[in-house]
Structure formats: C-alpha cells, structure tokens
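# Descriptive analysis of the structure
Okay, here's what each chain looks like letter by letter:
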Amino acid sequence: MVTPRQDTKAPNARRKRGFERASTLVSSHLRAAAEKRGFAEARLLTHWADIVGADIADIAVPLRISYGRGFGGTLVLLTTGANAPILEMRGAEIVELVNACYGYRAVARIQVTQTARTGFSEGRVAFRHAETQAPRTPDPERLAAATSGLEDIEDEGLRSALEALARNVVAR
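A brief look at the structure comes next. (Residues numbered from 1 in each chain as written. Predicted model: local features only at pLDDT ≥ 70, side-chain atom pairs only at ≥ 80, totals over all residues. Heavy atoms only, no water.)

## Describing the packing of aromatic side chains
Operational definition: Here the aromatic set is Phe, Tyr and Trp, taking the six-membered ring for Trp, and pairing holds for ring centres within 6.5 Å; pairs whose planes are under 30 degrees apart are stacked, those over 60 apart are edge-to-face, and all others are tilted. Burial classes: relative accessible area under 20% of the type maximum marks a residue as buried, over 50% as exposed, and values in between as partly exposed (1.4 Å probe, protein chains only).
Taken as a whole, this structure holds 1 aromatic pair when the rule is applied. Measuring from centroid to centroid gives 5.9 Å for Tyr102 and Tyr104, while their planes differ by 75°, and the two rings are edge-to-face. Judged by relative accessible area, Tyr102 falls into the buried class, the value being 8%.

## Quick look at the pattern of salt bridges
For clarity, the threshold we go by: In the sections that follow, a salt bridge refers to a side-chain nitrogen of Lys or Arg positioned within 4 Å of a carboxyl oxygen of Asp or Glu. In this text, helices come from DSSP runs of H or I with a minimum length of four residues, and strands from runs of E with a minimum of two, each type numbered from the N-terminal end.
One pass over the structure, following the stated rule, counts 3 salt bridges. The partner of Arg90 in a salt bridge is Asp55, and the shortest N-O contact between them spans 2.8 Å. One end of the pair, Arg90, is in the loop between helix 6 (84-89) and helix 7 (91-102); the other, Asp55, is in helix 5 (residues 54-57), and 35 residues separate them in sequence. Overall, the relative accessible area of 21% leaves Arg90 in the partly exposed class. Given a relative accessible area of 42%, Asp55 falls into the partly exposed group. Residues participating in the shared-partner salt-bridge network are Asp55, Arg90 and Glu93.

What follows is the structure, encoded as structure tokens:
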C-alpha cells in the first residue's frame, strides 16, 4: 500500500488568498523607511501632491520631519533655489495642510533646503519640469513686415540678433 508523503509542504498561505494589492506588499517596507526620516504617516510621502496641491508638489518634496523639545516638529522641504521664497511665503499654508493629513499638530514650522535642479548627486530626487513646447513657425507675411528695414544694418551680429527677436515675437 502506498502512503502519501509526509514531508510535502502546504502551499504558501498567501497564494490561497488570491491576488493582493501592491500597496499591501510594500507597506511595511515603506513604513520603515518613512519612520527613519521622522514621518509617522507614510501617506505624507506617497500622497504629497494630493495633500499640499500640485503647485507646491511640483516645486518641493518632503525630506524629513525632526522633532525638538517643543510641541510640533519641523518639516524639511527640498526645493530648487528659485522656489525657496515661494515656499517660505506659503509656509503657514503648508503646515496647515500637513497637519490636516496627520489629524493633529504634528508640524509647527517648515524649513526649506535648496539644491540643484537634478537633486542630490546620487540622483534620488528629481523634480518634475514643465514640458517644453515645440517651436512654432512664424507667419511669413508678419515676419517679413517685422524684419523689413533690417537689411540696412551693417553690423552682422546686431542684424541677426534683431532678426531672431522678430522671429520669436512673431511666432507668439
């Protein structure tokens, strides 16, 4: 008589449940990484654009939250140099939106850290950039009217600069 093998393992319990959402598979890893940077809610990192709005999310990313002795922490935002004054001006609004995400006053102030457009040297941070439009071709009649009289200019550099200016103005 043949008996079934006793050393066969039961199929993986996770496979019995069917498909799982990717968010549940990575949530523990994401939570651990977020907590190392002071984020009690990983949702602040994953849903940053929904929390603060697309206009702020396009120019800044949350870097960490540090807690001192006082009530509320400091949210450190990473941005480019030109956008730092905008974030400083909207600091109270950002604090209010982040605290609404947490449900309590977790953040009392923001600190803006500036970096190059490409981010850290390791390439971990990349800001979204506005897509460039294809150059438009100017209307030939309007271009001819805008450049009429430029042939009398003797300086070649000045003439070519004025022609380029006329072409850019007419193309808009």
